[in-house]
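# Notes for the structure review
The chain contents come next:
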Amino acid sequence: EKITVAAAADLKFAMDEIVTGFNKNHSDVVVEVIYGSSGKFFTQIQQGAPFDLYFSADIAYPRALAKKGLAASDVTPYAVGRIVLWSNSMDTTHMTLASLADPRITKIAIANPKHAPYGKRAEEALRAGKMWDTVQSKLVFGENIAHTAQFVQTGNAQIGIIALSLVLNPELSKKGGYYLIPDTLHLPLEQAYIITKHGADKLLAKQFAQYMTSKETRRIMTRYGFVLPGEK
Amino acid sequence: MHLTLNVQKNFPGFHLAADVSLSGDRVGVFGPSGSGKSTLVGMLAGFLKPDAGEILLNGDTLFSTSRKINVRPDQRRIAMVFQQHSLFPHMNVRNNLLYGYRRCQVDQRSIHLDTLVAVLQLDDLLERDITTLSGGQQQRVSLGRAILANPRLLLMDEPLSALDDTLRFQIIPYLKSVSSEFGIPYLFISHSLVEMRLMTDTVLAFDKGAMVGQTTSEQLARDRMGSSQVGYINLLNLGRASDNGSLYAYPWGAARLLLSAASDRDHSMAELSSKDIILFKQHPEAISARNLLQCTVRSLFNTGRRIGVELDCAGNTLISEVVQDAVNELGIIPGSTVFAAVKASAFRILPG
Amino acid sequence: MHLTLNVQKNFPGFHLAADVSLSGDRVGVFGPSGSGKSTLVGMLAGFLKPDAGEILLNGDTLFSTSRKINVRPDQRRIAMVFQQHSLFPHMNVRNNLLYGYRRCQVDQRSIHLDTLVAVLQLDDLLERDITTLSGGQQQRVSLGRAILANPRLLLMDEPLSALDDTLRFQIIPYLKSVSSEFGIPYLFISHSLVEMRLMTDTVLAFDKGAMVGQTTSEQLARDRMGSSQVGYINLLNLGRASDNGSLYAYPWGAARLLLSAASDRDHSMAELSSKDIILFKQHPEAISARNLLQCTVRSLFNTGRRIGVELDCAGNTLISEVVQDAVNELGIIPGSTVFAAVKASAFRILPG
Amino acid sequence: MILTESDLQAIWLTVRLATVVTVILLLVGTPVAWWLARSRSRLKGMIGAVVALPLVLPPSVLGFYLLLAMGPNGPVGHLTRALGLGNLPFTFWGLALASVFYSLPFMVQPLQNVFESIGDRPLEVAATLGASRLDAFFSVVLPLSRRGFMTASILTFAHTVGEFGVVLMIGGNIPGVTRVASVQIYDHVEALEYASAHRMAAIMLLFSFLTLLALYAWRADNGKRS
Amino acid sequence: MILTESDLQAIWLTVRLATVVTVILLLVGTPVAWWLARSRSRLKGMIGAVVALPLVLPPSVLGFYLLLAMGPNGPVGHLTRALGLGNLPFTFWGLALASVFYSLPFMVQPLQNVFESIGDRPLEVAATLGASRLDAFFSVVLPLSRRGFMTASILTFAHTVGEFGVVLMIGGNIPGVTRVASVQIYDHVEALEYASAHRMAAIMLLFSFLTLLALYAWRADNGKRS
Ligand SMILES: Nc1ncnc2c1ncn2[C@@H]1O[C@H](COP(=O)(O)OP(=O)(O)OP(=O)(O)O)[C@@H](O)[C@H]1O
Ligand SMILES: Nc1ncnc2c1ncn2[C@@H]1O[C@H](COP(=O)(O)OP(=O)(O)OP(=O)(O)O)[C@@H](O)[C@H]1O
Ligand SMILES: [Mg+2]
Ligand SMILES: [Mg+2]
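One numbering rule holds for all chains: residues counted from 1, following each sequence as written. Working convention: letters from A go to chains and numbers from 1 go to ligands, in the order in which they are written. Predicted model: local features are reported for residues with pLDDT of at least 70 only, side-chain atom pairs are reported and counted for 80 or more only, and whole-chain, interface and lining totals are derived from all residues. Only heavy atoms go into the side-chain values, all of them from the structure, while hydrogens and water stay out.

### Regarding the interface of chain C and chain B
In what follows, a contact means two residues having at least one pair of non-hydrogen atoms within 4.5 Å. Contacts between chain C and chain B engage 67 residues on the former and 67 residues on the latter. Here the quantity called buried area is the accessible surface, traced with a 1.4 Å probe, that two parts lose on coming together, added over both. Here chain C meets chain B over a buried area of about 5,100 Å², counting both sides, of which 46% is carbon and sulfur. By salt bridge we mean one thing: a side-chain nitrogen of Lys or Arg within 4 Å of a carboxyl oxygen of Asp or Glu. Counting every contact that joins chain C to chain B gives two salt bridges. Between arginine 290 of chain B and glutamate 329 of chain C there is a salt bridge, with the nearest N and O atoms lying 2.6 Å from each other. Two N or O atoms count as a polar contact when they lie within 3.5 Å, although within protein this holds only if one can serve as hydrogen donor and the other as acceptor, and sequence-adjacent residues are included solely when both atoms are side-chain atoms. Counting across the chain C and chain B interface gives 21 residue pairs in polar contact (both at pLDDT 80 or more). Numbering of helices and strands runs from the N terminus, with a helix taken as a DSSP run of H or I at least four residues long and a strand as a DSSP run of E at least two residues long. Every element with two or more residues in the side of chain C that touches chain B is listed here: helix H4 (135-148), helix H5 (165-182), strand E14 (247-252), strand E17 (277-280), strand E20 (316-323) and helix H8 (324-330) of chain C.

### Thoughts on the interface of chain D and chain A
Put simply, an interface is often sized by how much accessible area is lost when its parts join up. On the chain A side, the residues contacting the 22 residues of chain D number 24 residues. Carbon and sulfur atoms make up 59% of the area that chain D and chain A hide from each other, which totals about 1,900 Å². Among the residues chain D hides against chain A, the three largest losses belong to Phe90, Glu190 and Leu192 of chain D. Together they make up 30% of the total. The tally of links from chain D across to chain A stands at one salt bridge. Across the pair lysine 12 of chain A and glutamate 193 of chain D runs a salt bridge whose closest N-O atoms are separated by 3.3 Å. At the junction of chain D with chain A, the criterion picks out five residue pairs in polar contact (both at pLDDT 80 or more).

### Details of the packing of helix H1 (residues 12-25) of chain A against helix H9 (residues 203-211) of chain A
Residue and element names in this part refer to chain A. Where H1 meets H9, the axes come as close as 11 Å, and the angle between the chain directions of the two elements is 115 degrees. Between H1 and H9 the crossing geometry is right-handed. Across the interface between the two elements, Met15, Ile18, Val19, Gly21, Phe22 and Asn25 from H1 touch Leu204, Gln207, Phe208 and Tyr211 from H9. Note on geometry: axes are lines fitted to C-alpha atoms, helical ones only across the stretch in contact, with angles between N-to-C directions running from 0 to 180 degrees. For any helix crossing, the convention is left-handed if the near helix is rotated counterclockwise from the far helix by under a right angle, and right-handed if that rotation is clockwise.

### Observations concerning the coordination of the magnesium ion (ligand 4)
For a metal with four donors in a tetrahedral arrangement, the ideal angle between donors is 109.5 degrees, while six donors in an octahedron ideally sit at 90 or 180 degrees. Residues and elements named next belong to chain C. The magnesium ion (ligand 4) binds to the protein through Ser38 (OG) and Gln83 (OE1), with metal-donor distances spanning 1.9 to 2.3 Å. Within this pair, whereas serine 38 is found in helix H1 (residues 37-45), its partner glutamine 83 is found in the loop between strand E7 (78-81) and helix H2 (93-102), the two being separated by 45 residues in sequence. In this scheme, a residue with accessible area under 20% of its type's maximum is buried, one over 50% is exposed, and one in between is partly exposed, where area comes from a 1.4 Å probe on protein chains only. Classification of serine 38 as partly exposed rests on a relative accessible area of 29%. For glutamine 83, a relative accessible area of 17% corresponds to the buried category. In this analysis a donor is any N, O or S atom within 2.8 Å of a metal ion (3.2 Å for sodium, potassium and calcium), and since water is not included, sites may seem incomplete.

### A short note on the packing of helix H6 (residues 121-128) of chain E against helix H7 (residues 133-144) of chain E
All names here are of chain E. Between H6 and H7, the shortest axis-to-axis distance is 10 Å and the interhelical angle comes to 150 degrees. When the interaxial angle is binned, H6 and H7 end up roughly antiparallel. The interaxial crossing formed by H6 with H7 has right-handed handedness. Together, Pro122, Leu123 and Ala126 of H6 and Ala136, Val140, Val141 and Leu144 of H7 make up the contact between the two elements. In this classification, the charged set is Asp, Glu, Lys and Arg, the nonpolar set is Ala, Val, Leu, Ile, Met, Phe, Trp, Tyr, Cys and Pro, and all remaining amino acids, among them Gly, are polar. For the contact of H6 with H7, the class distribution of residues is seven nonpolar, no polar and no charged. An angle counts as roughly parallel when it lies under 35 degrees, as roughly antiparallel when it exceeds 145, as roughly perpendicular when it falls between 65 and 115, and as oblique in every other case.

### Concerning the site of ligand 2
Taken together, 20 residues form the shell around ligand 2, and within it Arg128, Ser134 and Gly136 of chain B together with Ser38 and Thr39 of chain C come nearest. We define proximity as follows: a residue is near a molecule or strand when any one of its heavy atoms falls within 4 Å of that partner. With respect to ligand 2, its neighbouring residues span chains B and C. A distance of 3.1 Å separates a nitrogen atom of ligand 2 from a polar atom in the backbone of threonine 132 of chain B. In isolation ligand 2 has 640 Å² of accessible area, and contact with the protein removes 89% of it. Elements with a contribution of two residues or more to the shell around ligand 2: helix H4 (135-148) of chain B together with H1 of chain C. Here the shell around ligand 2 is built from residues that sort into five nonpolar, twelve polar and three charged. Areas reported here follow the Shrake-Rupley algorithm with a probe of radius 1.4 Å; residue values treat only the protein chains shown as occluding.

### Quick look at the state of the cysteines
All names here are of chain B. Two cysteine sulfurs form what is called a disulfide whenever their separation falls within 2.5 Å. Enumeration over the complete set of coordinates arrives at two disulfides over all chains. Here cysteine 295 engages in a disulfide with cysteine 313; their sulfurs sit 2.2 Å apart. Judged by the torsion about the S-S bond (100 degrees), the cysteine 295/cysteine 313 disulfide is right-handed. Linking cysteine 295 in strand E18 (residues 291-303) with cysteine 313 in strand E19 (residues 306-313), this pair joins segments that are 18 residues apart in sequence.

### Focus on the site of ligand 1
Near ligand 1 you find 20 residues, and of these Ser38 and Thr39 of chain B together with Arg128, Ser134 and Gly136 of chain C are the closest. Look at ligand 1: alone it shows 630 Å² of surface, and the protein chains cover 89% of it. When contributions to the shell around ligand 1 are tallied by element, the ones reaching two or more residues are helix H1 (37-45) of chain B together with H4 of chain C. In terms of residue class, the shell around ligand 1 is made up of five nonpolar, twelve polar and three charged.

### Here we look at the relation of the copies chain C and chain B
When the copies are superposed, the least-squares fit draws on C-alpha atoms of residues that have pLDDT of at least 70 in both. After a rotation of 180 degrees and a shift along the axis of 0.0 Å, chain C superposes on chain B with an RMSD of 0.1 Å. In the structure described here, the two chain copies are related by an operation that fits a two-fold rotation axis. Interface overlap between copies is the fraction of interface residues in one copy that are interface residues in the other; for chain C against chain B it reaches 100%, indicating a shared surface.

### Here's the deal with the sheet that holds strand E22 (residues 348-350) of chain C
Residue and element names in this part refer to chain C. One open sheet accounts for three strands, arranged E12-E16-E22; its pairing is antiparallel. Both edges of this open sheet fall to strand E12 (233-238) and E22, since each of them pairs with a single strand only. Each adjacent strand pair in this sheet contributes to an overall mean axis angle of 35 degrees, direction not counted. The pairing of strand E16 (residues 268-273) with E22 spans three bridges and is classified as antiparallel. Bridged to methionine 269 within E22 is leucine 350. Strand pairing is assigned whenever DSSP detects at least two bridges linking the two strands.

### With respect to the domain arrangement of chain B
Residue and element names in this part refer to chain B. By the assigned domains, chain B splits into domain 1 (2-223) and domain 2 (233-343). An automatic or database domain assignment provides the domain bounds reported here. One C-alpha centre belongs to domain 1, the other to domain 2, and the line joining them spans 34 Å. Between domain 1 and domain 2, the contact holds seven residues from the first and eight residues from the second. Buried area between domain 1 and domain 2, both sides added, is near 670 Å², and the carbon and sulfur share of it is 58%. By the criterion of area lost to domain 2, the three top residues of domain 1 are Arg197, Leu198 and Arg222, representing 73% of everything that side buries. In this structure, the connection of domain 1 to domain 2 is made through one salt bridge. The salt bridge partner of glutamate 310 is arginine 222, with a shortest N-O separation of 3.0 Å.

### Some words on the sheet that holds strand E13 (residues 242-244) of chain C
Residue and element names in this part refer to chain C. On the basis of which strands lie adjacent, the open sheet formed by three strands has the order E13-E14-E15 and antiparallel pairing. Bordering the open sheet on either side are E13 and strand E15 (255-259), each of which pairs with just one other strand. On average, each strand axis in the sheet is tilted by 40 degrees relative to the strand beside it, whichever way the strands run. Sheet topology places E13 next to E14; three bridges connect them, and they run antiparallel.

### Observations concerning the nonpolar core
Residues enter a nonpolar core if they are buried and are Ala, Val, Leu, Ile, Met, Phe, Trp, Tyr or Cys, with the set joined through side-chain atoms within 4.5 Å. By size, the foremost hydrophobic cluster in this structure holds 399 residues, and its most contacted members are Met15, Leu53, Phe55, Leu100 and Phe208 of chain A, Leu97 of chain B together with Leu97 of chain C. The contacts of leucine 97 of chain C, once residues within four sequence positions are left out, are Leu113, Leu116, Val117, Leu122, Leu126, Val141, Gly144, Arg145 and Leu148 of chain C.

### Section: the pairing of strand E8 (residues 153-157) of chain B
Residue and element names in this part refer to chain B. With five of its five residues buried, E8 lies for the most part within the structure. What you see with E8 is no split at all: Leu153, Leu155 and Asp157 on one side and Leu154 and Met156 on the other are buried throughout. With respect to chirality, the unit in which E8 leads through helix H5 (residues 165-182) into the neighbouring parallel strand E9 (residues 186-190) is right-handed. For crossovers, right-handed means that the path from the first strand over the helix to the second runs clockwise, given strands pointing away from the viewer.

### Things to note about the confidence of the model for chain A
pLDDT expresses, on a scale from 0 to 100, how confident the predictor is about each individual residue. Confidence in the prediction of chain A, expressed as mean pLDDT, is 89, and 97% of residues score 70 or more. Strand E3 (residues 53-56) of chain A holds the highest mean pLDDT among the elements of chain A, 94, whereas helix H8 (residues 170-173) of chain A holds the lowest, 72.

### Here's the deal with the environment of proline 151 of chain C
Residue and element names in this part refer to chain C. Among the secondary structure elements, proline 151 is positioned in the loop between H4 and strand E8 (153-157). C-alpha separation for the pair proline 151 and glycine 100, spaced 51 residues apart in sequence, amounts to 8.9 Å. In this view, proline 151 contacts Arg77, Ile78, Ala79, Ala146 and Ile184; residues no more than four positions away in its chain are not counted.

Put into structure tokens, the structure is as follows:
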């Protein structure tokens, strides 16, 4: 038995562990996870993509699918994302958004606010922090949050606003601290999943969805920087 | 072969019009550079489309504007030796030669590679790349390739121009025999009067795009006698040679000729230029010329500043050329008797 | 021009070796198809590299393996008429003709487009696309292009093979005058003995890759007399013609010749084949030949089955060919007197 | 083994896809290029332009439109289902079809070029020797166009290997079915698994380099003959 | 006006970028192609393969490596800063450089092909008429290669217009500087602004189609002459 899960790219590390955990109880099944952009999955599911579960980084997509009758379950939030200031070359632990005005900072990377959920929240935070006009000319836009992190990581942008989950990634966490942007400065970054019409008849899909609420899962999610729905 | 051809073709600044109906297997196309010879054969082969007209070969319509017929070149079975040889650069000599042969139905393959290769002296070159051939070698391959296709009609656009005389006069009789033995009629383009005379019976003469006349190669030779370097070429049918001292004696009709060269065939063909025949009113003495024939003047004809004298020499026809003064002085009139002196070295035995 | 050439070139199955040192402005390269003529001039022009050897032109080393010199083709100033014309397809006739001209320093441009175009009869074609030219037209453009480059040496690889006789005999004297008037020496490849005789003084004869000899074109003509269709070609320097009835009388040294054709120049050159001279021991009567010259036999030479007879006719040299029997019968020995009969129509006045 | 099984699977899939696409395009592109090279039709310029068009759209956008067209409600989707082929997106053949479409100009343009440069004469010669047009095409045009076919195939193959935007959109990144090497490397990069990405990129480059080197050597060898 | 100002800005930027890249590649690619076509060096196959390599990497991965190389810690970055050119990522010239690198094979391969098909003879003729190699190249080779240059330029230009992965990766999507049309359409699609995406895609296609049509007409016209 096998299910295919389409998951937002920022879930990569957490989800891999979750699947391993799931497989301990269901040893003879395969859970195939495909990571990618939530928007792309959204388009593909409408065109009949063979995904049984869809974990979106933005709750808006699963809601829209549900509205079109392409969901076989409720739209279920599984996490709330947080954003941080992060740099490869500077110590960000004592920074705030106001530090971005520093003239030594010439390029600031954020995800494209036009379509990337983390980018939208970054813009909201900058506006709320009254920094948007100051930094606008310094902004460079990543296609998605991983790409934004690369801008910073390669030193092409001195600093960037990226997902907390990424900063906890072993590849980046070695590089130093981060500044967690208060979630009061932006709308919550609600992430949700659905079982799609394609997975409607699969028991395994339901079992996996069930497993998402388990204790181990929640522990893993927290460890990777996700705030769980209903928690603070 | 019977060919009916009535075509028009216009290029900017050049207009070709030809209207012919001819029978014959050895047809020449003669004319100066730029007169339309290649254009004509291009239309026959089918890759140049006449602006208007008709082409019929042995009763089959190959092209007709009125009946909207234009048989595709590959279905005309007309092979062509191009003026610029156009060999296939990606094939070696052998495969070039065999290209048409392989596309010919097996029972129609009358001519075979080996004989052809021997005549064209291509033996050592069969595995060669085309790009490594000399000019004359390319021309020979091109000729061989067309012949091996065993076509219904063979078009040759100056196929001998890059060859030395020795080779040329070896190939000419072979080409003639290809035509007669294998029944492949040909259309032969050349600007050489000698080649016309030796290779063709019927000639289409072109000048500046107009077909100025359909004639026999015999008549062409007479007409051009005055302006040509080689004069009129008499073709003599000789019998078998016998030794005669350092010379060879050939029976020629009722007469006997002494030649300095010999072939060992029963019947030979020799050529003799009208320029090489000197006429005497009386029998001359102590002359270097080895042949002295008593002949009757049959007729006279005028070409340019020369007079052609058609002689009857022991039943054979011979044409000599003289100037008007000589006609007057010697009193050459039809019916009169003259002595024709010909040197033993003046003849050329045609191989064949 | 002084040319020293000592080269080796190997192709699979073909070995060319040439060792020459010659002076002269009109050099012929003669040999059958595949004998190495094009290969030789390719090395001279510089786009074929000899395997070993040296090439010196007027003292400049163009190539030397020992001294590791290989002057680039574009710096040799040696223009070439290719056997396969190789015109630039993206230029019209005019731009092809002017390609080398434009690359020539202004003060060295001795020959100009207009005269050349007139001689080569290309007037109407100047704006034409190369692809629309006939074979002979292409050859003429190729020839013109090389001449206009005003080279230090002009190489011509069978430049006249696609031309009819009329055109050919108009172009030959022009080529000679290009050489003499503008001081452009040339190397002329041809398999035509007539062209060799008319165009060149010195001849390099090739056979199967070996240079079989360096000779004069005069000597070549004598040597090949027996095997050639045209015999030995006597070149006669004539004075100005005067009318003589229907013929023209030309002074020829101390003698006088009657010809059927005339030029209006003060000095003319005429050619006369050795075959067209008949010898008599005694003065013949009533003969069609308009010219009867009393000559002294200077010497005899043997080529194949023919005997060449070198005559002294009123101080002029003339070569006739006869067979051995005639020599015996007429008692032709050096010092003896003979009468040479030549028809008025046997001469060809060379235009020029 | 320095590559994971899924890497190997992706590489194998890529080779299969690129081969299939190249072969299909050789079959489809050759007649198109031939027509473009030979025809004197007025449509010629238009068809030529249409063939080149896929180039100017960003791959993922093109992929988006292809997805719409091939999806259950798209015209191509209707057609494929009517033909009993089912839905093409997220299948190997869907990928192949999309790549064929996208890579068409890489095949057609070099071929058209070389066909044009051959000129009429060799075809005329072949015709007078009794070769039908098809025969002449195979016996004369094809061998004379070796280099063009080489170039066209290299460009097409390589481009399909590197192709990514369209593939991601149409293929849906399904392991063993549509997750080709380019997508796999992309995933590695996106997941910040640089070591894996480097390794796989290096191996693909090396493999491609060796293949190209072999092809060039062959080509140089052949080049000598003409 | 059916396009927004930012759409227009993106299109204008795209045209500029594609033109710059095509011009640079004509200058850079021509000698490379010429060398590849003429040289008998043993390096030939290797250089040929290297030139074709950018094709096999997925653009966004290539972009990632370029980002590394051109960044402050990369070798190219060190070089450009040493030359006083600053950092290239997020600049127009950075994009141009990356596109040049990526599009090189599209220029070189068709040119190499056409150069090879010209053969030695025209060059030999030109040399005997006193043309230096450079002269012969401009007066003979270039005009005889018109079609190849046409094809190469079309492929390069179109490919730069459609190029997207690399551009996205190193451009930073800065309006007026690096946000080219392909990125703009992509953004529209990603933001589910399909109407805008359709509009812009349609306009780009139309524009490209007309340009290509004009080029093809010109080319057909020229083709008659040879
Ligand atoms: N496509 C064309 N466009 C314009 N004129 C042309 C075209 N093809 C041929 N011609 C002209 O038509 C005339 C006849 O050409 P053709 O090739 O038939 O001559 P030809 O008799 O074969 O001459 P040659 O003996 O020199 O080969 C020439 O003046 C030539 O320039
Ligand atoms: N690249 C090559 N490889 C092998 N053999 C060659 C090469 N080039 C020429 N040859 C051979 O060398 C010989 C001489 O060729 P060349 O072209 O010099 O002859 P040619 O005297 O010009 O003859 P033609 O009068 O037929 O043009 C020929 O037998 C030819 O086949
Ligand atoms: Mg012709
Ligand atoms: Mg030659």
